[in-house]
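One-letter residues, chain by chain:
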2 protein chains.
Amino acid sequence: MAKTPQHGAASTTRRDAQGTRLRLLDAASGLFAERGYERATVRDIADRAGVNQALLFRYFGSKKALFGEVMARGGHEQLRTTPAERLFEVALRGMLAGGREGADRSLEVCLRSIGGSDEIAGALRGLGEEYAAVLATLSESDTGTLRGDLALSWLLGIGLMRVVVGKEPLVSADPDTVCRLVVGALGGLLEGLPQAGEAGDGGGADGRDGPARG
Amino acid sequence: MAKTPQHGAASTTRRDAQGTRLRLLDAASGLFAERGYERATVRDIADRAGVNQALLFRYFGSKKALFGEVMARGGHEQLRTTPAERLFEVALRGMLAGGREGADRSLEVCLRSIGGSDEIAGALRGLGEEYAAVLATLSESDTGTLRGDLALSWLLGIGLMRVVVGKEPLVSADPDTVCRLVVGALGGLLEGLPQAGEAGDGGGADGRDGPARG
DNA sequence: CCCTTGTGTAAGCACCTGCTTACAAAAGGT
DNA sequence: ACCTTTTGTAAGCAGGTGCTTACACAAGGG
């Protein structure tokens, strides 16, 4: 079924170029998240997509451009759909959930790609700007942007230790516990940040993983 | 001067092999800190040391072994000479100082080398274990080790944003301000952490120093 | 039918990587 | 002098990288 072109939608594709493009995009997204930019080779990406690597260059031009499309694709949904005061916890929980399905792996991709090249650092800076800008709105201090940067730093640092370094006991720690500790400590930095579990959660032995979606 | 062997100390070296070894070690330390493990090639390291790359392999065996010696050389001085309750601030200030002379760049090297290989992540994990273990002694909670991990995560995250990503305004921010904000917020996590500027700095110009304590 | 256009593939290129080998030159002992 | 050991170098190897080129199918139009 993956090979049969579905001309039901449009007859513009004769052998489903759009589908191949999408498969390449998906394969790249996964491999970038698993290995980072440098260690994910174009051959591996094409292999996972089940096509020849030459198609990758025909459709995207270069590996870097493919990386750009991957980052741009599902990257900012979380940023747009999450209210500011929930953003930190949602992003943190997304990071703690690891490679779960449907989660936004942009931050994970960035973390694993850091050493790759200066352009990758630039991409991370771009994404960071947006996150930090939103987080900065949670403080009315004149050092608000700096506080936003520091909050984002913690978010990335935790992801770093969990996803890349694999430090115990952080990796196996209960996401709720981590959230409570971090958000609690951040309350001193960002006054607009609602304390974790403040709303309806008793704060004791909590096992639920459903973050309140604003 | 660099070429004249100094046989004053010991006549075991005829053309100053020890000196060359040291120059290689210095060059590697600098390049690893600037570019990370992967992007610092053995040719660049040998070039900066002013010798042929073959000597690198004669003296160290492999690039990875050289990396190990670099990490082991000045890596743990800070860890041994700094009391636990001062470690976080000292490490943070070292990170904020950037590539200043004499500073311990081990964490910086780790940050820039993350994506490189699994062994590098292992090295970072090893160094992290030591830092986190010390930081964990600052909390008497049963989640002490987790809190140590979280503190270290923040430290690395800030380094990440400053050194690798180059996020503004964090890069240009006053180290004292950053220290006060971070250490202040961490007070809720690690009870044994002395608040920054408590002794002589009459802060409080921009923000409350007393965060909500757990 | 041929011919054009879009989709896919195999093979190769130029370059870079860590690492090795063969060889030259300095010191020192005898 | 001669020879050995140590220190240094130039050239090369095997493997991997991003990327390109030349070519094989599948459609549709004339």
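Each residue is numbered by its place in its chain's sequence as written, counting from 1. All chains are assigned letters beginning at A, and all ligands numbers beginning at 1, according to the order in which they are written. Reporting in this predicted model follows two pLDDT cut-offs: at least 70 for local features of residues, and 80 or more for side-chain atom pairs to be given and counted; totals over whole chains, interfaces and linings ignore these cut-offs and use all residues. Derived side-chain values reflect all non-hydrogen atoms in the structure, with water molecules and hydrogen atoms excluded from consideration.

Participant: Explanation requested: the packing of aromatic side chains in the structure shown.
Facilitator: Here a ring pair, both rings aromatic, is described through the centre-centre distance and the interplanar angle of the planes. Here is the rule: rings of Phe, Tyr and Trp (six-membered ring for Trp) pair when centre to centre is within 6.5 Å. Planes less than 30 degrees apart are stacked, more than 60 are edge-to-face, and the remainder are tilted. Throughout the structure, instances matching the rule amount to seven aromatic pairs over all chains. Taking 5.2 Å as the distance between ring centres and 75° as the angle between the ring planes, the aromatic pair formed by A:F32 and A:F67 counts as edge-to-face. Note that A:F32 is positioned in helix α1 (residues 17–39) and A:F67 in helix α4 (residues 63–73), a separation of 35 residues in sequence. Each member of the aromatic cluster is reached from another via a ring pair, and the members are A:F32, A:Y37 and A:F67. Think of it as a cone above the ring: NZ of Lys or CZ of Arg counts as a charge over the ring if it is within 6 Å of the ring centre and within 35 degrees of the ring normal. The ring of B:Y37 has B:K63 sitting right over it, with the charged end atom 4.4 Å from the ring centre. Secondary structure elements are taken from DSSP: a helix is a run of H or I of four residues or more, a strand is a run of E of two residues or more, and numbering for both begins at the N terminus.

Participant: I tried to follow the interface of chain B and chain A on my own but got confused; where do I start?
Facilitator: Frequently, the measure chosen for interface size is the accessible area that the parts lose on association. We call two residues in contact whenever any of their non-hydrogen atoms come within 4.5 Å of each other. The partner chain A presents 47 residues to the 48 residues of chain B that form the contact. Of the roughly 3,800 Å² buried where chain B meets chain A, counting both sides, 70% is carbon and sulfur surface. A pair is scored as a salt bridge if a Lys or Arg side-chain nitrogen falls within 4 Å of a carboxyl oxygen belonging to Asp or Glu. Counting across the chain B and chain A interface gives six salt bridges. In this structure, the salt-bridge partner of B:D149 is A:K167, at a minimum N-O distance of 2.9 Å. Within 3.5 Å is the distance limit for a polar contact, defined as a pair of N or O atoms, with the added protein rule that one can donate a hydrogen and the other accept it, and that residues adjacent in sequence qualify only through two side-chain atoms. The tally of links between chain B and chain A comes to eleven residue pairs in polar contact (both at pLDDT 80 or more). A simple way to read buried area is as the amount of 1.4 Å-probe accessible surface that goes missing from two parts once joined, with both sides added.

Participant: What is the right way to look at the environment of A:P175 in this model?
Facilitator: All names here are of chain A. In this structure, P175 sits in helix α10 (residues 175–186). Here the term buried applies to any residue with accessible area under 20% of the maximum for its type, exposed to any over 50%, and partly exposed to those in between, with areas from a 1.4 Å probe on protein chains only. Under the relative-accessibility criterion, P175 is labelled partly exposed at 31%. Measuring from C-alpha to C-alpha, the distance between P175 and A123 comes to 27 Å, with 52 residues separating the pair along the chain. The residues contacting P175, other than those within four sequence positions of it, are R93 and L96.

Participant: For this particular structure, what's the right way to read the pattern of salt bridges?
Facilitator: Pairs may arise between side chains of opposite charge once their charged atoms sit close together. Inspection of every chain in the model, using the stated rule, returns 27 salt bridges over all chains. A salt bridge links B:E108 to B:R105; its shortest N-O distance comes to 3.2 Å. Salt bridges here are not isolated pairs; linked through shared partners, they connect A:R86, A:E89, A:R93 and A:D176.

Participant: I would appreciate a short explanation of the confidence of the model for chain A in the present structure.
Facilitator: It should be kept in mind that the predicted coordinates are not to be read in detail where pLDDT is low. A residue's pLDDT is simply how confident the predictor is in it, with values from 0 to 100. Of all residues in chain A, 81% attain a pLDDT of 70 or more, and the chain-wide mean is 82. Confidence drops under a pLDDT of 50 for residues 1–11 of chain A, and excluding neighbours within four residues, the segment shows four contacts in the predicted structure.

Participant: Help me understand the relation of the copies chain B and chain A, please; the structure alone is not making it clear to me.
Facilitator: Here the two chain copies are tied together by a rotation about an axis and a shift along that axis. When the copies are superposed, the least-squares fit takes in the C-alpha atoms of residues with a pLDDT of at least 70 in both. With an RMSD of 0.1 Å, chain B superimposes on chain A once it is rotated by 179° and translated 0.0 Å along the axis. The superposition of one copy onto the other is thereby described by a two-fold rotation axis. A symmetric contact is evident, with 90% of the interface residues of chain B recurring at the interface of chain A.

Participant: Explain the environment of B:G148 here, please?
Facilitator: All names here are of chain B. The residue G148 is located in helix α9 (residues 144–165) in this model. G148 sits in the buried class, given a relative accessible area of 0%. Remark: the alpha-carbon pair of G148 and V134, spanning 14 residues in sequence, is separated by 7.7 Å. With residues up to four places along the chain from it excluded, the contact list for G148 reads A132, L135, A136 and L190.

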